[in-house]
Amino acid sequence: MLVLLPPSETKAPGGDGPPLNLDELSHPELTPVRRKLADALVDLAADVPASLDALELSPRQEDEVARNAALWSAPTVPVLERYTGVLYDALDIGSFTKAQRAKAQRRLAVASALFGIARGEDRIPAYRLSGGSSLPALGALRTLWRPVLEPVFAGMDELIVDLRSGAYAVLARIPCSVTVRVVTATGRTISHHNKAYKGKLAATLAKGTREPSTVEGLLTAASKAGFDVRRTGDHEIDLVIVH
């Protein structure tokens, strides 16, 4: 099973690992696009106003441009420790035992505008690039990623639980993945608590003693953990919360 998480705009600073080495990341077939994007971000960072405009940042966010400028030299940390925010607070990777963390590294991955897909054991620096961004030198990210990312997902023979947000889902279609909506008992889509509940579900699936390989197995695992989950289609699940 692979649980595919959305990234977050916010990243933890610093790190204790060596600088980014694309050759050490999972899915080496993605390296050429990763390198193009990394180089483009570093080059763009030399022009701060252009970076702010392309990345849709305010002048108060120049520190994000500085992160991109240092992309090749900044320290790294494992992917699951780099991202912050509501979903990752709920995931709470820092509370995992050593054994649980090992499972999480195998079972969790992040959909990334810069890296395409980053597995739990991959080490990355802090950066700023969103799924909906369009870089002056390369254009829309969807055009870059779809031709290389979609074959990677198509070649996976494991159950893929797709928790991505819309901006990242368009970077690659995954036809047989299981998508999860967070809804009220009346079926209304939840926005405010959406990320927190997806983070809690991801934590449960990452730690579980059994690894689901089917939609029914996924429903069973989530139900046993106390989630109210309902199958709404061949590859669709609703996570129902009291709101």
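It should be noted that the structure appears before, not after, this text.
Residues numbered from 1 in each chain as written. Predicted model: local features only at pLDDT ≥ 70, side-chain atom pairs only at ≥ 80, totals over all residues. Heavy atoms only, no water.

A.B. asks: Looking at this model, I keep getting lost on the side chain of lysine 198. Mind explaining?
C.D. replies: Tracing the chain through its elements places lysine 198 in helix H9 (residues 194-207). Buried charged residue lysine 198 carries no salt bridge. Nearest counter-charge: aspartate 162, at 7.4 Å. In this structure lysine 198 touches Leu87, Leu163, Arg164, Val180 and Val182, once residues within four positions along its chain are discounted. (Helix = DSSP H or I, 4+ residues; strand = E, 2+ residues; numbered from the N terminus. Buried < 20%, exposed > 50% of the residue type's maximum accessible area, 1.4 Å probe, protein only. Lys, Arg positive; Asp, Glu negative; His and termini not counted. Salt bridge = Lys/Arg side-chain N within 4 Å of Asp/Glu carboxyl O. Contact = heavy atoms within 4.5 Å.)

A.B. asks: Explanation requested: helix H10 (residues 215-224) in the structure shown.
C.D. replies: Note on helix geometry: an α-helix contains 3.6 residues per turn, so any two residues three or four positions apart are oriented the same way. All of the buried residues along H10 are Val215, Leu218, Leu219 and Ala222. The buried side chains of H10 occupy one side of the element, clustering within an arc of 100° when seen end-on. Residues of H10 that are buried in the fold lie against strand E8 (160-162), strand E9 (178-183), H9, strand E10 (228-233) and strand E11 (236-240). Two residues or fewer after H10 comes glycine 226, characterised by a positive phi angle close to 100°. (Arc of directions from axis to C-beta.)

A.B. asks: Explain the packing of helix H1 (residues 31-45) against helix H7 (residues 141-154) to me, please; I cannot follow it from the model alone.
C.D. replies: Angle between the axes and distance between the axes: these two values describe a pair of packed helices. Running from amino to carboxyl end, H1 crosses H7 at an angle of 160°, the nearest separation of the two axes being 10 Å. In terms of orientation, H1 lies roughly antiparallel with respect to H7. Considering only the axes of H1 and H7, their crossing is left-handed. Taking contact as the criterion, the partners of Val33, Arg34 and Leu37 in H1 are, on H7, Leu141, Leu144, Trp145 and Val148. Taken together, the residues that form the contact of H1 with H7 break down as 6 nonpolar, no polar and 1 charged. (Axes fitted to C-alpha atoms, helices over the stretch in contact; angles between N-to-C directions. Parallel < 35°, antiparallel > 145°, perpendicular 65-115°, else oblique. Left-handed = near helix turned anticlockwise from the far one by under 90°. Nonpolar A, V, L, I, M, F, W, Y, C, P; charged D, E, K, R; others polar.)

A.B. asks: It is not clear to me how the pattern of salt bridges should be interpreted in this structure. Could you clarify?
C.D. replies: Where charged atoms of side chains with opposite charge meet at close range, the side chains can pair. Taken as a whole, this structure holds 14 salt bridges when the rule is applied. With a shortest N-O distance of 3.7 Å, glutamate 150 and arginine 146 are connected by a salt bridge. Linking glutamate 150 with arginine 146, this pair stays in helix H7, spanning 4 residues, or about one helical turn. Of the charged contacts in the structure, one is a salt bridge between arginine 164 and aspartate 162, with a shortest N-O distance of 2.9 Å. Taking the relative accessible area as the measure of exposure, aspartate 162 reaches 8% and is therefore buried. Through salt bridges with shared partners, one network takes in Glu9, Glu64, Arg67 and Arg128.

Read these as layout, nothing more, since geometry by itself doesn't imply function.
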